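The residues making up each chain are set out below.
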Amino acid sequence: MMDTQVDDATATRPSNRWETIQPWLSLACRLGLATVLIIAAVTKFPPIVSVEAVEAYDLFPTEVARLIGYTLPLFEIALALLLLLGLATRYAGAVGAILMVVFIAGILSAMARGLAIDCGCFGGGGQVDPEETTYGISIARDVAFGAMGAFVAIWPRSPFALDRVLGLFR
Amino acid sequence: MGSEARKRSREKLRQQREKEKRAAQRKKTLLVVGIAAAVVVLIVGVGYAVLTADRGDEYEGELAGQTLQEDGSVVMAQEGASAPVVEVYADYQCPACRQFELLNGDLLKERAAEGEAIVHYRPVSIFAQQPVPTSSNSLRAGAAARAAADHGVFVEYNDLLFEHQPNSEAEGYTTDELKEWFRQTDAEDAQVSEFDERVDAENEVVTEFTEEFLPALAADANEQIGEETLGTMVLSDLLNWGAQNGYDPSFLEGTYTGELIDATGTAYTRYSGDNMFRGTPSVYINGELLDGNTAGTTRGLSEAIASAGEGEVETEPMGDGGDAD
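Along each chain, numbering runs from 1 in the same order as the chain's sequence is written. As a convention, the first chain written is A and the first ligand written is 1, with the rest following in written order. Local features in a predicted model are, by the rule used here, given only for residues with pLDDT of at least 70; side-chain atom pairs are given and counted only at 80 or more, and totals for whole chains, interfaces and linings are based on all residues. As a convention, hydrogens and water are excluded, and side-chain values are obtained from all of the structure's heavy atoms.

Caption draft 1: The arrangement of the overall build of chain B in detail. Counting from the N terminus, the helices are DSSP H or I runs at least four residues long and the strands are E runs at least two residues long. Counting secondary structure elements, chain B contains 11 helices and 6 strands. Computed over its C-alpha atoms, the radius of gyration of chain B comes to 29 Å, more than 25% above the 20 Å expected for a compact globule of 325 residues. The 325 residues of chain B split such that 48% are buried. Restricting the contact set of chain B to residue pairs at least 6 apart, pairs at least 24 apart contribute 75%. To be clear on the numbers: accessible area is Shrake-Rupley with a 1.4 Å probe, and residue cover counts the displayed protein chains and nothing else. Per element, the accessible surface of chain B, about 16500 Å² overall, is 48% carbon and sulfur. His is not counted, nor are the chain ends; Lys and Arg add positive charge and Asp and Glu add negative charge. Charge positions come from single atoms, namely NZ of Lys, CZ of Arg, CG of Asp or CD of Glu. Once the 26 positive and 60 negative side-chain charges of chain B are each reduced to a mean point, those two points are 36 Å apart. Throughout, radius of gyration means the C-alpha value; the globule benchmark is 2.2 Å times the number of residues raised to the power 0.38. Think of it in three bands: residues with accessible area under 20% of the maximum for their type are buried, residues over 50% are exposed, and the middle band is partly exposed, with areas taken using a 1.4 Å probe on protein chains only. Any pair of residues with heavy atoms lying within 4.5 Å of one another is described as a contacting pair.

Here it is, written out as structure tokens:
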């Protein structure tokens, strides 16, 4: 009798523990990624700064670069809001992860073409001295942020989420 | 038999319920994703509308008169206008200057035409010490803009240069391009040939300066006074040091390239304290440096001009008058 009880407890403990921790980890990822996105958006203001950063990648015609420069920070804010509210958590996380993949692709393309630019991830942007490029750090950072998004997308269940009120990921 | 049938129908019912439950869940997910998408569209849409609300239409009207100044800068203003003086320092190879011009160039033209601002364009070359082609692009374009000012079309040419700004790591603002753009300002034949000659002559000066004179001077200075001190010197200081150490800068005399280098050196000493000139673009109203949010938004610049008092242009018009009107 005693023995079986002990056995049961040890058998279920790992999964119980994960089930207790996971929602809080998801919450941490939601808040972490949201904070990063808000800082990224705010430092890109005024739009003249972000348009310049986009143009430095030398990938888009003037008008397209302008549109991206204006709307990207707004999109980052919107995504951050979804993560903070926990609305459509899984999909917000997935979009965040995809966004980071797109950013990494942009940085890799700049590297491949031998451009010497600041990624413009958190304001700044534009040309820098070739010795001052920080592509490695920028990519590593985006990988970490992308991982947070992916975590939320895979395990969207978390406390303080509007999704729960609406009956999703309970 | 009977119990077997009941079991089957129970199973069917259970599957039916499962299916309905899944459908309901799917519907719920779609609804939530729909709400989320609507939130995103709303934020991006409203935000974009707010950010671009103050963007005026492109200014197509007549430009206020342009007057070439002794130091090679250009004042655009209604004749006899009493208004705030807006000084714009820009380097043609500087991407942020291009953004400023694209965003607020038309506002400045409009305010000048309305007599509500005296716009003082002060081209500089903060990149003159950079490696080629950044330095050569910057200097060649600045010298060409100065040549365009001789023919009274500085403002139009300034627009064309920024519109076509090359990547700073690629050879750009070539003499052919510079000549072609001048033709787009509806210049007359006589002006065209004069302009072309000037651009070719300046190009030679720029090439000598950026590829021979300055690298040799910089290397020598680096050895003799050390990298640290050198880092604190602006270009005109370095040229002065060179003049005393066997690097004769006289080939720059009388050239627009030399004038641009001088104008840049003077900019660094013109203001003090918080108003110190540090880089481009720098926008001053009546000698007060504007911060990035003010100069970098149309609303900010527009309000700053509206709330400023009358100012005084500090340079004198070019003596011979030329044909700068």
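Caption draft 2: Fine view of the pattern of salt bridges. Residue and element names in this part refer to chain B. The salt bridge criterion pairs a side-chain nitrogen of Lys or Arg with a carboxyl oxygen of Asp or Glu, the two atoms within 4 Å. Inspection of the entire model under this criterion finds 17 salt bridges over all chains. Salt-bridge contacts for Glu11 lead to Arg14; the nearest nitrogen and oxygen are separated by 3.0 Å. In this pair, Glu11 and Arg14 both sit in helix α1 (residues 2-52), 3 residues apart, roughly one turn of the helix. A residue is classified by how much of its surface remains accessible, and Arg14, at 45% relative accessible area, is partly exposed. Arg111 is the salt-bridge partner of Glu114, the closest N and O atoms lying 3.4 Å from each other. Its relative accessible area of 41% is what places Glu114 among the partly exposed residues. Here the residues in one salt-bridge network are Asp71, Glu87 and Arg122, joined through shared partners.

Caption draft 3: Summary view of the pairing of strand β2 (residues 74-77) of chain B. Residues and elements named next belong to chain B. Here β2 shows no split at all, with Val74 and Met76 on one side and Val75 and Ala77 on the other all buried. Strands qualify as paired when DSSP identifies two bridges or more between them. Looking at chain direction, strand β1 (residues 65-68) and β2 are connected through 4 bridges and run antiparallel. Looking at β2, one finds that Gln66 is bridged to Met76. The turn joining β1 and β2, which pair antiparallel and follow one another in sequence, is formed by 5 residues; a positive phi near 95 degrees is taken by Gly72.

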